[in-house]
Amino acid sequence: MKPLIIANWKMNPSTLAEAKNLFNKFKNLDVVICPSFCYLDSKIRPAGARFILGAQNCHWEEKGAYTGEISPKMLESLGVKYVIIGHSERRIHFQETDEIINKKLKTALEFGLIPILCIGEKEGEDAKAIVEKQLNEDLKEIAEDDIKKIIIAYEPVWAIGTGNFCEAEKAKETLEFIRGRINNKILYGGSVNSKTSADYMKSGFDGLLVGGASLDAEEFAKIVNG
Ligand code: PGA
C-alpha cells in the first residue's frame, strides 16, 4: 500500500505569502498537509492541488464560549479531512491530558474527520508502558468501528525536532507492540528526513508524520518519492 505521508507545518510559515508559495510547491504531491488554522481556507489551496488538508488540533465541542478555539465542525465545513490530536507539543505546552484528547477524538470522529492520534514516550520513559497507557486512556469508550478510523502516529518525544534519531530497529519494536494492541494504520514521526525516511518504511510503518523537513519543499519531495 502507498505510504501515507503527512506534513505537520506547526506554527510555520509566518506569512500568508510564504504559505501560498509552499502550497504551490506541494501542489502535485499526494500527501496530507496540516498547516496552521489560518491557512486552511480552501481559497488559499492552489487550484487542482492533489494534497489533502488536515488541521493540527481542534476543540472537543461543536461550538460555544471557548474564545480562540476551533471546532471539528468548523474544520469539516471548510473541507478539512484530517486532524492531528494529542501531539506532544499540545500535551506539553498546552497541558492536554489524555482525558481531553479522548474528548477531542470523539468529537472529531462525530464530524467525520480522520484523527491522527500522536503517542510516544519522553526521554528516559519506557516506550511500551507509555504508549499502552496513552492508547488505553485516549481511546476510552470509543466504539470499535470508530477506533478503526484513527491513524496512530508513534513519535518518541525526545526525537521530535531535535535531530536525535530513533533507530529504525528500536522504533520497530514499539511499532510491533502497538500493532499487537491495535490494528490501525501506524505512522512514524520524529526528526524524519530524506536520509532516514526509507528505514522507517522498511521497519513496517504505514507512513510518516514529518515536521521540520516538510517546510523544505525539495527535502519533503525526496521523502515522498522514497
Ligand atoms: P519533526 O516533527 O519532524 O520536526 O521532528 C515531527 C512532529 O512533530 O510531528
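Provided above is the structure to which this section pertains.
Here's what I pulled together on the structure shown here. These numbers come from a predicted model, not from an experiment.

Here's the deal with the overall build of the protein
Per the secondary structure count, the protein includes 9 helices and 8 strands. A compact globule built from 226 residues should have a C-alpha radius of gyration of about 17 Å, and the protein, at 16 Å, falls within 12% of that. With respect to the three principal axes, the spread of C-alpha positions in the protein is 45 × 45 × 30 Å. Buried positions account for 51% of the 226 residues belonging to the protein. Intrachain contacts of the protein at a sequence separation of at least 6 include 66% that bridge at least 24 residues.

Looking at the pattern of salt bridges
The tally for this structure, following the rule as stated, stands at 15 salt bridges. The salt bridge involving glutamate 62 is made with lysine 73; its shortest N-O contact spans 3.3 Å. Pair noted here: glutamate 62 is in the loop between strand S3 (52–55) and helix H2 (72–77) and lysine 73 is in helix H2, with a separation of 11 residues, a long-range link. In this structure, the salt-bridge partner of aspartate 98 is lysine 133, at a minimum N-O distance of 3.7 Å. Residue aspartate 98 is found in helix H4 (residues 98–110), and its partner lysine 133 is found in helix H5 (residues 127–138); the two are separated by 35 residues along the sequence. On the basis of relative accessibility, which here comes to 42%, the residue lysine 133 falls in the partly exposed class. Through salt bridges with shared partners, a single ionic network connects Arg91, Asp98, Lys133, Glu137 and Asp138.

Regarding the sheet that holds S3
What holds strands together in a sheet is hydrogen bonding between their backbones, with the strands either parallel or antiparallel. Pairing is parallel around the closed barrel formed by 8 strands, whose spatial order is S1-S2-S3-S4-S5-S6-S7-S8. The average angle at which neighbouring strand axes cross in this sheet is 25 degrees, direction not considered. Here strand S1 (residues 4–8) runs beside strand S2 (residues 32–34); their pairing, made up of 3 bridges, is parallel. Bridging across to S2, alanine 7 finds its partner in isoleucine 33.

Points about the packing of H5 against helix H7 (residues 168–181)
At a minimum axis separation of 10 Å, H5 and H7 run at an interaxial angle of 35 degrees. Crossing geometry of H5 relative to H7 is assigned as right-handed. Here H5 contributes Ala127, Lys128, Val131, Glu132, Leu135 and Asn136 to the contact with H7, which in turn contributes Glu173, Thr174, Phe177, Ile178 and Arg181. Along the lines of polarity and charge, the residues of the contact of H5 with H7 split into 5 nonpolar, 2 polar and 4 charged.

Focus: the site of the ligand
In the region of the ligand, 14 residues are neighbours, and Lys10, His87, Glu155, Gly161 and Ser191 sit closest. Within the side chain of lysine 10, one N or O atom sits 2.7 Å away from an oxygen atom of the ligand. With respect to the ligand, the side chain of histidine 87 contributes an N or O atom lying 2.6 Å from an oxygen atom. Compared with its free state, where it exposes 280 Å², the ligand has 96% of that area covered by protein. Per-class residue counts for the shell around the ligand are 5 nonpolar, 7 polar and 2 charged.

Observations concerning a negative patch on the surface
A cluster of acidic residues, Glu167, Glu169, Glu173 and Glu176, forms a negative patch at the surface. In this structure, glutamate 169 sits in helix H7.

Notes on the side chain of serine 191
Considering the arrangement of structural elements, one finds serine 191 in the loop between strand S7 (186–189) and helix H8 (197–202). Here the side chain of serine 191 touches alanine 159 through a polar contact of 2.6 Å, landing on its backbone oxygen. A distance of 3.3 Å separates a polar side-chain atom of serine 191 from the backbone nitrogen of threonine 162. Residues in contact with serine 191, not counting those within four places in the same chain, are Ala159, Ile160, Gly161, Thr162, Gly163, Asn164, Phe165 and Thr196.

Thresholds, definitions, all that
Residues numbered from 1 in each chain as written. Predicted model: local features only at pLDDT ≥ 70, side-chain atom pairs only at ≥ 80, totals over all residues. Heavy atoms only, no water. Helix = DSSP H or I, 4+ residues; strand = E, 2+ residues; numbered from the N terminus. Rg over C-alpha atoms; globule rule 2.2 N^0.38 Å. Buried < 20%, exposed > 50% of the residue type's maximum accessible area, 1.4 Å probe, protein only. Contact = heavy atoms within 4.5 Å. Salt bridge = Lys/Arg side-chain N within 4 Å of Asp/Glu carboxyl O. Pairing = 2+ DSSP bridges. Axes fitted to C-alpha atoms, helices over the stretch in contact; angles between N-to-C directions. Left-handed = near helix turned anticlockwise from the far one by under 90°. Nonpolar A, V, L, I, M, F, W, Y, C, P; charged D, E, K, R; others polar. Near = heavy atom within 4 Å. Polar contact = N/O pair within 3.5 Å; in protein donor to acceptor, adjacent residues only side chain to side chain. Areas by Shrake-Rupley, 256 points an atom, 1.4 Å probe, with all protein chains shown as cover. Patch = residues over 30% accessible without salt bridge, like charges linked within 9 Å, V, L, I, M, F, W, Y side chains within 5 Å. Lys, Arg positive; Asp, Glu negative; His and termini not counted. Charge placed at Lys NZ, Arg CZ, Asp CG, Glu CD.

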